[in-house]
There are 2 protein chains.
Amino acid sequence: MSKYSIGLDYGTNSVRAVIVSTDNGEEIGSAVFNYPSGDMGVVIDPKDPNVARQHPADYIAGIESAVTAALAEAKQVDPDCVANVIGIGVDTTGSTPIPVDLAGKALALQETFSDNPNAMAWLWKDHTSYKEAIEITEAAVAMHPEYLAKCGGTYSSEWYWAKLLKCAHTDPAVFEAAASWIELADWIPAILTGTTALNQIKRCICAAGHKAMFNQSWGGYPAIDFIASFDNGILTKARQSLPSTAVNISDTVGGLTTEWAGKLGLKEGLPVAGGAFDAHLGGVGCGIRPGSMVKVIGTSTCDLAVAPLSTKLSDIPGVCGVVPESILPGSYGIEAGQSAVGDIFNWYVHKLQPGKDMTHRKLDQAADTLRPGQSGLLALDWNNGNRTVLVDQQLTGLVLGLTLHSSPAEIFRALVEATAFGTRMIRDRMAEYGVPIERVINCGGISKKSPMLMQIYADVLNCPMLIASSEQTCALGSAMAGAVVGGAYPDFDAAAKAMTSLDEKQYIPIPENVAVYEKLFGLYKQLHDIFGTKEYAENQFNVMKELIAIREESRGT
Amino acid sequence: MSKYSIGLDYGTNSVRAVIVSTDNGEEIGSAVFNYPSGDMGVVIDPKDPNVARQHPADYIAGIESAVTAALAEAKQVDPDCVANVIGIGVDTTGSTPIPVDLAGKALALQETFSDNPNAMAWLWKDHTSYKEAIEITEAAVAMHPEYLAKCGGTYSSEWYWAKLLKCAHTDPAVFEAAASWIELADWIPAILTGTTALNQIKRCICAAGHKAMFNQSWGGYPAIDFIASFDNGILTKARQSLPSTAVNISDTVGGLTTEWAGKLGLKEGLPVAGGAFDAHLGGVGCGIRPGSMVKVIGTSTCDLAVAPLSTKLSDIPGVCGVVPESILPGSYGIEAGQSAVGDIFNWYVHKLQPGKDMTHRKLDQAADTLRPGQSGLLALDWNNGNRTVLVDQQLTGLVLGLTLHSSPAEIFRALVEATAFGTRMIRDRMAEYGVPIERVINCGGISKKSPMLMQIYADVLNCPMLIASSEQTCALGSAMAGAVVGGAYPDFDAAAKAMTSLDEKQYIPIPENVAVYEKLFGLYKQLHDIFGTKEYAENQFNVMKELIAIREESRGT
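Bear in mind the structure is a predicted one, so any value in this text is a computation, not a measurement. Positions within a chain are numbered from 1, following the residues in the order the chain's sequence is written. Think of it this way: whatever chain is written first is A, whatever ligand is written first is 1, and the rest follow in order. The predicted nature of this model means local features are confined to residues of pLDDT at least 70 and side-chain atom pairs, given and counted, to a pLDDT of 80 or more, with totals for whole chains, interfaces and linings taken over all residues. Hydrogens are left out, water is left out, and the side-chain values use all remaining heavy atoms of the structure.

## Thoughts on the overall build of chain A
How we decide: Going along the chain from the N terminus, every DSSP run of H or I of four or more residues is numbered as a helix, and every run of E of two or more is numbered as a strand. Here the radius of gyration uses the C-alpha set of atoms, whereas the globule reference equals 2.2 Å times the residue count to the power 0.38. Categorising residues by exposure relies on relative accessible area from a 1.4 Å probe, with only protein chains included: less than 20% of the type maximum marks a residue as buried, more than 50% marks it as exposed, and the intermediate range marks it as partly exposed. By definition, residues are in contact when any of their heavy atoms lie within 4.5 Å.
Helix and strand content of chain A: 20 helices and 20 strands. Taking 2.2 N^0.38 as the reference for a compact globule, 557 residues should give roughly 24 Å; the C-alpha atoms of chain A span a radius of gyration of 24 Å, in line with that estimate. Along the three orthogonal principal directions, the C-alpha set of chain A runs to about 75 × 60 × 50 Å. The proportion of buried residues among the 557 residues of chain A is 63%. Long-range pairs, those at least 24 residues apart, make up 73% of the contacts in chain A between residues at least 6 apart in sequence.

Below you can see the structure in the form of structure tokens.
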């Protein structure tokens, strides 16, 4: 008899449920529920592009709709599957905190606040609190620099405390009505298991550790005195509502309630795993392990790695998060990323629109016919700033080496190469601080669509590029958490061996390309350092000369 | 009774004759003769893109065709004009040397050599002698660095001695048959006046001084010992064929021969002025004078200035030529230029082809709606290297400040601004070395077609941009030389007052734009210096920050 687990994957515009065989990771049912509120599920403000909220009712509605539909599909494959579901896992966007009352009910579900965006979930990409983020960063630099060291050196407007402080500043009624603020990744497991009450709700280490300054080395969430330093203690109540421990994805937060069991047709008491962010469970669904970096390539990238807790990892400068157990239990979770990857290509193809009738696909194919170094072009992948390792949104893109003959495809390839150099900076920084990477597992649409890009990444990083077989690695990772808490496997290592797989197609470095990219990367790093840091003081005269020399060499002239 | 003069303007693909009133510069007749040989007049070699020659027979045929047709047109306006022509002036491309026999007959006009490109005129843009140019530069650095100081520090493959040495290396038969090599600018006046014989032919200071290392401070052409140092004296005979003096455009090289007077229907003995290069006489046709820079804006630019000989001008580092009387008698002629201007725009519009259905005109109009600094973009105008002041063909273009929103028109405007900054570097360098510029007179199609570009130039240079009325300033300048040698005016100052004029439309600096461009120019110069010279050793961290600050300020956010 096959066993199954359910993965619930809360994205920016919709929630997906998958029914996965715990034997081999096969997905036998899947369904998507699009959030009905706002603009594709996001409540926006035409007057302020920084606003991005979501209505918590959409999340609740999504559980029943998506799980029921996924199970219906699964029954076509295995009529007995419902009885054989052994657990549920959940991943969500984040930091997406929701203000709740003492019972854990989202304020936006109360009539008083139902239309107030400030009482809804503050979606990860809400940037209204950019000033509060600066305030928190400055306070941490002065009082607790160690808080920042774990999150790359700068607190972000996308994160928990900045959003709370912004609400306290702009909507005191909502802020005062909130008994606590709960991450979406914690709220869904709590809803399913009826553990939403303030004294029961579990907080996951992934959200707490990466976004809310939680670390066991200083006793959990940040010190009361630090939090109390903002606006005469306005955040103190919110801080006091938080527990001193956190759960990971191998922890069971509770059993499915009678009510939800009835609605979904599942067994009461079914174990529900601790939540985590989507990218982190995507890493799990890719089979992440020490030595393997997972790249989730989309409009931006999330680059994940793990290292055994026994390695006694120090902080990694410029890497957004190093948090024990945030990805895999028993390992440090390391989160980095590039602010724009697919977004740069989309800008080039759809906004700059180079070349008559040049589609994305045609540009990709034309770029694929070029040899490394041939164009003499070098770009910096900073059109949307640099998240890792510079943590600086005020950096911009650059294209250098232009001639009267530079073509649309040459520039496109240079942009792809720039993103490869950017990911190499991340890989090298991790290796330098004790997290060596031997192979990269890629997921996300681009990894399957562009062999050109994948080969460049293999050549620039000089390591194999593998592709995760699953097209829903986040949901798969959640289902793996459901399998572990359901008892199918003792740990995620065993679960990964059985439930994850890689495409047969692998991209292996081509030595002659590696040699050219080694030179180009040296020049990229030079530009990176002089434009992106304050430390570098030498002249840059060699840059163009060496580019031309490399180009001439590549062309054989 | 009106008097007239004839201007003969030898371009790259055709020769133009104009009949101009010496009273007011009005053109009453004009005709063009397209060179029949080769590809649009240029004899090329499919196997070597560096080859660019012209058949001397085309030049001769052009005299009769173009002058006769122009006179026919002029007679429609003034039936008595032919009898009232008082002089002829000539401008040509250059350095365009022609191998000739003792009588001054071009070798390609002899049956033996009639099909041999090496025996034809070596057109200015022939680059076959790039190795010889390096050889000559290195020898001059070692033996006579002063020779290079007058031509910007590097001898070019486009110039006289490099072409002779290349011919000596590759076609000894032609080289030995040549009694001398004559610039096209000298050959046409000699042909018209029957002074082609080696002991009669006059060499003009414009060609000799800018391209053949002629300077009175070292006794004219370069020292015999220097010329003899190449290939065991292979160039000695050619050097010995040259006189020790040179003429300028106010000198009469002779009178029209009986034969040519008959062919053209003009008076025998009509004075013919010393020749000069097209751009230099274009400067004259724009009314150049001390304090006024003339910009000839085309695919590249030629930037000309003059300074009284009494100023005791030193060499100007990075400026291609400072030659007494090369433009106006009694003044230093100063020649600088940008390697690509219109070519950069053409690359962008026709090669990169940004924006759906975006024409050059639409991009220009869209860029005109943007404010200085608004895009946050900064470019270097080096897509074809940098001629002045860096004299380095191995520099390349750069665009910096790119975001996910950078638009086709924003980048176009950044490229236009880059060319403005490039011309400001030239203007500032001239001023620094004793040639202050108070106004700029522009000519060339772009100056009349793009008010957007002209206003940016006015704002970046913070000085008025004027436009020459004439659309044929080179031919007009030649006709002014004809007017001066014909006695209509005592000097070019008087001729310019009467015969040149400016468009009513002037571009005056807008103070608020000037202020923004002052900041942007500071950043341009920073990039210019760190990427273009070896001297600069500070970090560049501020560049992107300041660009963003300027952008935010411009947007008022």
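## Brief notes about helix α6 (residues 184-193) of chain A
Residues and elements named next belong to chain A. Most of α6 is tucked away: 10 of the 10 residues are buried. Inspection of α6 places L184, A185, D186, W187, I188, P189, A190, I191, L192 and T193 among the buried residues, and these make up the whole buried set. G194 sits one or two residues past α6 and shows a positive phi near 65°.

## Some thoughts on the sheet that holds strand β4 (residues 43-45) of chain A
Residue and element names in this part refer to chain A. Going by this rule: Between any two strands, at least two bridges found by DSSP are needed for them to pair.
A sheet is described by the order of its strands in space; here three strands give the open sequence β4-β5-β8, paired in antiparallel fashion. Each end of this open sheet is capped by a strand with a single partner; those strands are β4 and β8 (121-122). With two bridges joining them, β4 and strand β5 (residues 48-54) adopt antiparallel strand pairing. What sits directly across from V43, in β5, is R53.

## A few points about the domain arrangement of chain A
To keep it simple, the criterion reads: Boundary definitions for the domains trace back to an automatic or database domain assignment.
Taken domain by domain, chain A consists of domain 1 (4-276) and domain 2 (342-426 + 511-555). A straight line from the C-alpha centre of domain 1 of chain A to that of domain 2 of chain A covers 38 Å.

## Topic: the packing of helix α2 (residues 130-143) of chain A against helix α4 (residues 160-170) of chain A
Each pair of packed helices gets described by two things: the angle between the helix axes and the distance between those axes. Residue and element names in this part refer to chain A. Note the following rule: Helix axes use the C-alpha atoms of the stretch in contact, all axes being lines fitted to C-alpha atoms, and the angles between their N-to-C directions lie in the range 0 to 180 degrees. In what follows, roughly perpendicular refers to angles from 65 to 115 degrees, roughly parallel to angles under 35, roughly antiparallel to angles over 145, and oblique to any angle outside these ranges. Each helix crossing is assigned a hand: it is left-handed if the near helix lies turned anticlockwise from the far helix by less than a right angle, otherwise right-handed if that turn is clockwise. Think of it as three bins: nonpolar holds Ala, Val, Leu, Ile, Met, Phe, Trp, Tyr, Cys and Pro, charged holds Asp, Glu, Lys and Arg, and polar takes everything else, Gly as well.
At a minimum axis distance of 8 Å, the contact between α2 and α4 shows a crossing angle of 120°. By the angle between their directions, the pair α2 and α4 is classed as oblique. Seen along the crossing, α2 lies across α4 with a hand that is right-handed. Within the contact between the two elements, α2 uses E132, A133, E135 and I136 and α4 uses W161, A162, L165, K166 and H169. Partitioned by chemical class, the residues of the contact of α2 with α4 number five nonpolar, one polar and three charged.

## Regarding the packing of aromatic side chains
The condition that has to hold: Between rings of Phe, Tyr and Trp, where Trp is taken as its six-membered ring, a pair exists when centres lie within 6.5 Å; planes separated by under 30 degrees are stacked, by over 60 edge-to-face, and by other angles tilted.
Tallying each qualifying case throughout the model produces 35 aromatic pairs over all chains. Here F421(A) and F521(A) contribute two aromatic rings whose centre-to-centre distance is 6.1 Å and whose plane-to-plane angle is 45°, an arrangement assigned as tilted. One end of the pair, F421(A), is in helix α14 (residues 408-432); the other, F521(A), is in helix α19 (residues 511-532), and 100 residues separate them in sequence. The exposure class assigned to F521(A) is buried, which follows from its relative accessible area of 5%. Their ring planes at 45° and their centres at 4.8 Å tell us that Y147(B) and W218(B) sit as a pair that is tilted. Here the residue Y147(B) occupies a position in helix α3 (residues 145-149), and W218(B) occupies one in the loop between α7 (205-211) and α8 (224-227), the gap between them amounting to 71 residues. Looking at Y147(B), the relative accessible area reads 2%, which means it is buried. Ring-pair connections join several aromatic residues into one group, and the members of that group are Y147(A), W218(A), F226(A) and F230(A).

## What to know about the packing of helix α12 (residues 342-352) of chain A against α14(A)
Residue and element names in this part refer to chain A. Viewed as axis vectors pointing N to C, α12 and α14 meet at an angle of 165°, and their least axial separation amounts to 10 Å. Overall, the two elements α12 and α14 adopt an arrangement that is roughly antiparallel. Considering the relative orientation of α12 and α14, their crossing is right-handed. Judged by residue contacts, I344, F345, W347, Y348 and V349 of α12 engage P408, I411, F412, L415, V416 and T419 from α14. Across the contact of α12 with α14, the residue classes tally to 10 nonpolar, one polar and no charged.

## Thoughts on the environment of E432(A)
Residues and elements named next belong to chain A. Relative to the assigned elements, E432 resides in helix α14. Among the residues examined, E432 registers a relative accessible area of 59% and is labelled exposed. Taking the C-alpha atoms as reference, E432 lies 14 Å from L461; in sequence the two are 29 residues apart.

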